[in-house]
Amino acid sequence: MSKTLTEEIKNEVERRRTFAIISHPDAGKTTLTEKLLLFGGAIREAGTVKARKASKHATSDWMAIEKQRGISVTSSVMQFDYLGHRVNILDTPGHQDFSEDTYRTLTAADSAVMLIDVAKGVEAQTIKLFQVCRKRGIPIFTFINKLDREGRSPFELMEELEQVLGIRSVPMNWPIGMGRDLCGVYDRMNNQVELFQGNDHSTIEVRKVEDYNDPIIREMAGEFLHDQLTGELELLDVAGDPFDFEKVSRGELTPVFFGSAVNNFGVQTFLENFLKLAPSPAPRNSTEGRVEPTEEKFTGYIFKIQANMNPAHRDRIAFLRICSGRFERGMAVKHVRVGKEIKLSQPQQFLAQDRDIVESAYPGDIIGLFDPGIFRIGDSLSQGGEVIFDELPTFSPEIFAKVTVKNALKHKQYQKGIDQLTEEGTIQVFHSTSGFDETILGVVGQLQFEVFEYRMKGEYGVDIQLHRMPYQFARWIVDEKIDPSKFRINSTLVQDKKGNYVALFENEYAMRTAMDKNPTSKFLETAP
Ligand code: G4P
């Protein structure tokens, strides 16, 4: 074994940080991402990411853009270097672009940054994304944004994190005032204050202090705010959780940072602390046991496939997360599921909206592979050997529709389209157990239906009709003896493509009732 390659991989792994930002729309994810990219020198002007976001605001626009550009602009991985680290930010689309892909992307991250609006607290989409991260046990860092606006008290927000998400928190810094009175933050770990200066809060001054009782803070923030700060921090010192790196690493404790992304306030210190505390690429479980990122043998898995919406260019991009070894352009690897060698000759790395050909890459990096239709979500690629990484979870759909084909003569193409698109992970398909041959589609986000309809027409020449159904929850039912008649009130029992039983419910009440009535059944959020 060549020592130098091992050393090289080890160094590259150690300096890498691959994470996703999870938040509810409007919390400031685009703004924060942009500030991080500016620090890393990956973009030169503010507004670059914003413009990209604005241009894909409506779904119809998104389709048009996809068509013009040939291939996806909506999903990207942004990479930059900062203080010796190589940072990969995985984009998790929100708004209308929210889909099962958003969840799958989280499986490729080693940590998450949870962004919360100080006035709104924990919101619906944050909860969903948090739960996916929670299940994986990855570290979660919290940034409470928009401190320049009047918001909820920091204690109230910490309590909400615990009540709603079930995670304890440890504030790394603490606001001195808020909204119009915002003066700065006190950095609890480094004993320093960061102060907003000037009317527009545009200058930031950092002062080292003894502790939070230091008269310097009183001088700068005034008596009232300083008294408030000392009172709150005394309480926190006594009643709050101490910082515990192990708990943070297991995702049981979230370090909390306060700031204002749009004012670039608290962003740099957040980034620096995050880089120090966040993990480098973790080992992955496979059929051959744990695969360590530092192994020389290249391995990776596909977590997302982005289809080209332009019928003239049927190419697709498969997103691969590198798990071990060194990737080199042109290298031959085994496509384990099909048992064939393939050559990775035109890999793409993503940086904001540009796509660059990548020559080499390391664990934690994401590369885009041109896919002529050979990949499926969850496929493993490996240099020699038969490594198969653990299957990606199937996420519980929340929107359902019955699908019918307009022209009965197209039934064969219709079937082919459904088979291929479900395999690709575009939608989930279920079959009714009622005796009627009904096909029901389930998705996490509305956009998935639109993409499905579009592709069925474009690629398979089939016009379909979707009839929305009233269900909102799906649970995989595990029971030796299932009685479909117990799933009739505001619910229905269907089967997934593997024949597993899945109950669909119109509301939470119906789901709870079914759980009470079927105490011997297990109700699972993901396929068994
Ligand atoms: P998103 O990607 O999470 O959806 O959020 P985005 O960054 O687009 O931010 C949503 C809105 O919140 C934007 O305002 C943005 O300027 C604002 N914002 C982000 N960070 C802060 C902050 O620290 N303080 C305050 N007060 N506002 C913040 P907008 O009016 O929707 O857009 P724009 O016209 O300002 O661009």
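Residues numbered from 1 in each chain as written. Predicted model: local features only at pLDDT ≥ 70, side-chain atom pairs only at ≥ 80, totals over all residues.

## What to know about the packing of helix H2 (residues 29-39) against helix H11 (residues 267-277)
- Remark: H2 packs on H11, axes separated minimally by 10 Å, with the N-to-C direction vectors making an angle of 75°. Here H11 runs roughly perpendicular to H2, going by the angle between their axes. Of the residues in H11, those touching H2 at Leu 32, Lys 35, Leu 36 and Phe 39 are Val 267, Gln 268 and Leu 271. (Axes fitted to C-alpha atoms, helices over the stretch in contact; angles between N-to-C directions. Helix = DSSP H or I, 4+ residues; strand = E, 2+ residues; numbered from the N terminus. Parallel < 35°, antiparallel > 145°, perpendicular 65-115°, else oblique. Contact = placed C-beta atoms within 7 Å.)

## Topic: the pairing of strand S30 (residues 501-505)
- Where burial is concerned, most of S30 is hidden: five out of the five residues are buried.
- With burial as the criterion, each face of S30 is covered, one bearing Tyr 501, Ala 503 and Phe 505 and the other bearing Val 502 and Leu 504.
- Note that strand S29 (residues 491-496) and S30 share five bridges and pair antiparallel. Note on S30: the bridge partner recorded for Ser 491 is Phe 505.
- The loop that links S29 with its antiparallel partner S30 comprises four residues; one of these, Gly 499, has a positive phi angle of about 90°. (Buried ≥ 20, exposed ≤ 12 C-beta atoms within 10 Å, placed from the backbone. Pairing = 2+ DSSP bridges.)

## What to know about helix H7 (residues 154-165)
- Under the 1.5 Å per step criterion, the end-to-end length of H7 is 16 Å for twelve residues, consistent within 8% with the ideal 16 Å.
- Along H7, the positions that sit buried rather than exposed are Pro 154, Leu 157, Met 158 and Leu 161. Across the axial projection of H7, the buried residues extend over an arc of 105°, all falling on one side. Counted as exposed and oriented over 90 degrees from the buried face of H7: Glu 156 and Gln 163. (Expected span 1.5 Å × (residues − 1). Arc of directions from axis to C-beta.)

## Considerations on the domain arrangement of the protein
- Partitioning the protein into domains gives domain 1 (14-172 + 250-277), domain 2 (175-242), domain 3 (285-382) and domain 4 (399-524).
- For domain 2 and domain 4, the distance between their C-alpha centres works out to 53 Å. (Domains from an automatic or database assignment.)

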